[in-house]
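Observations on the model geometry
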Amino acid sequence: MQESRMMVLVAALERDQETERKVIQEAIFGQGGVPVGLPYPAIPTNYIHKLNLHCMADADYVLLLVGTEYGPLTERGVGYLHTIYAAAQATRKPVLSLIYSGERSAAVDRFEQKRLDGLISSLKSGLIYYWHDADSLRDGIELGLENMFETYPSLGWVKAEIQPLLQAINPHDENLIRQLRQQVSQLEQKLKVVKSKGAPLALSFRDDHSPWQVGYQCNAFREGRLKPFDGVLTLDLSEVFQWASATLLSPTTETRLRALVASRLHDRVLRSAKKAWSGSHAVSDIRIDQPSFDEFKTRLRALGLISFDHHGRWQLTDNGEVIALRK
């Protein structure tokens, strides 16, 4: 059972964002976190803002959901989302911003748009992800949370009946614990080598040399127009393994690895899009089909190249490291 949980303040507007807030809450729960905070209604509400500031004081992280509106203004003429961001910066709270990049259904007031552009401009100095629908929002929040948790680790919150059992650890003890963990890790690696003596010869890509058929979806762009595009690529399995091997030297979540492989497909997907839709000049939001990625995972596992830790994260086996480092 997970002893600690990360508390995430979700700062969002109430109007037209109910579905998006639900997606965010589910993603936070899925990452073992706890979402807190109340959405801001269309009319100024200082009481809700004070509650959100109280939540932020206890929260480990802050998440800003930015849509097509700047939102209601405080008495000082600044939006509540903008004010929350400034307060997070002042208290050094890590901030994840999810910014809408899709089409707008209605014209926006010029002054409203100017304020919104100013907010987005200030957010670009931090951790941001763009979204245009529920799927891209879900991908962005999962990748963003993972990135934020890894970049800005926090102790999180512990249940009351567990907390008294945990004693405060001073910096000297923390350093000692870190050294002991490294020694344990080294001993575990040596134990693996000892156990592997006399084992059957390791498998390699000679035992599975058939290509990987990977299905995907993306958005293609031509002269300002967007068109959803599906396709299939034929790739060499060993080549894709080399793409991922450096990352897999340490435990990696499937979400992160999937995004890595998708990013390496960009140039090939763009060439396919240009052939299918003449005049295309860009592609975005490349998503690998789940069945294709499951095939990739099972084939690498069958070859003895990867294993999974108790958190479900991918990592190289000893055999995988040998093949990855082979020149």
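Residues numbered from 1 in each chain as written. Predicted model: local features only at pLDDT ≥ 70, side-chain atom pairs only at ≥ 80, totals over all residues. Heavy atoms only, no water.

1. Looking at the side chain of asparagine 52
Applicable threshold: Helix and strand definitions here come from DSSP, where helices need a minimum of 4 consecutive H or I residues and strands a minimum of 2 consecutive E residues; each element is numbered from the N-terminal end. For each residue, the accessible area found with a 1.4 Å probe, counting protein chains only, is set against the maximum for its type, and the residue is called buried under 20%, exposed over 50%, and partly exposed in between. For the purposes of these results, a polar contact is taken to be a pair of N or O atoms within 3.5 Å, where, inside protein, one atom must be able to donate a hydrogen and its partner to accept one; residues adjacent in sequence count only when each atom of the pair is a side-chain atom. Contacts are residue-level and defined by heavy atoms, with any inter-residue pair within 4.5 Å sufficient.
Relative to the assigned elements, asparagine 52 resides in helix H2 (residues 46–58). Taking relative accessible area as the criterion, asparagine 52 reaches 1% and is therefore assigned buried. Polar side-chain contacts of asparagine 52 include one of 3.2 Å to the side chain of tyrosine 40. Discounting chain neighbours no more than four positions away, the residues touching asparagine 52 are Leu9, Gly37, Leu38, Tyr40 and Ile84.

2. Structural notes on the packing of helix H1 (residues 18–30) against helix H5 (residues 134–151)
Defined as follows: Think of each axis as a best-fit line through the C-alpha atoms, taken over the contacting stretch in the case of a helix, with angles from 0 to 180 degrees between the N-to-C directions. With the far helix as reference, a near helix turned anticlockwise by less than a right angle produces a left-handed crossing, and one turned clockwise produces a right-handed crossing. Three classes are used: nonpolar for Ala, Val, Leu, Ile, Met, Phe, Trp, Tyr, Cys and Pro, charged for Asp, Glu, Lys and Arg, and polar for all others, with Gly counted as polar.
At a minimum axis separation of 10 Å, H1 and H5 run at an interaxial angle of 35°. Helix-helix and strand crossings are classified by hand; for H1 and H5 the assignment is right-handed. For the pair H1 and H5, the contacting residues are Glu20, Val23, Ile24, Ala27 and Ile28 in the first and Ala134, Leu137, Arg138, Ile141 and Leu145 in the second. Among the residues making up the contact of H1 with H5, the classes are represented as eight nonpolar, no polar and two charged.

3. Looking at the confidence of the model for the protein chain
Defined as follows: Per-residue confidence from the prediction method is given by pLDDT, with values spanning 0 to 100.
Summarising the model, the protein chain shows a mean pLDDT of 85, and 86% of its residues fall at 70 or more. Per-element confidence in the protein chain ranges from a low mean pLDDT of 66 for helix H6 (residues 171–196) to a high of 95 for strand E3 (residues 61–66).

4. Side note on the sheet that holds strand E8 (residues 225–235)
Where we set the bar: Strand pairing requires that DSSP identify at least two bridges connecting the strands.
What the three strands build is an open sheet, ordered E8-E7-E9; its pairing is antiparallel. With one partner strand each, in any of the chains shown, E8 and strand E9 (282–288) form the two edges of the open sheet. Strand-to-strand twist across the sheet, computed as the mean angle between neighbouring axes with direction ignored, equals 30°. Looking at chain direction, strand E7 (residues 212–222) and E8 are connected through 11 bridges and run antiparallel. Paired with asparagine 219 across the bridge in E8 is proline 228. Together, E7 and E9 form the strand contacts of helix H10 (residues 290–302), whose direction differs from that of E7 by roughly 140°.

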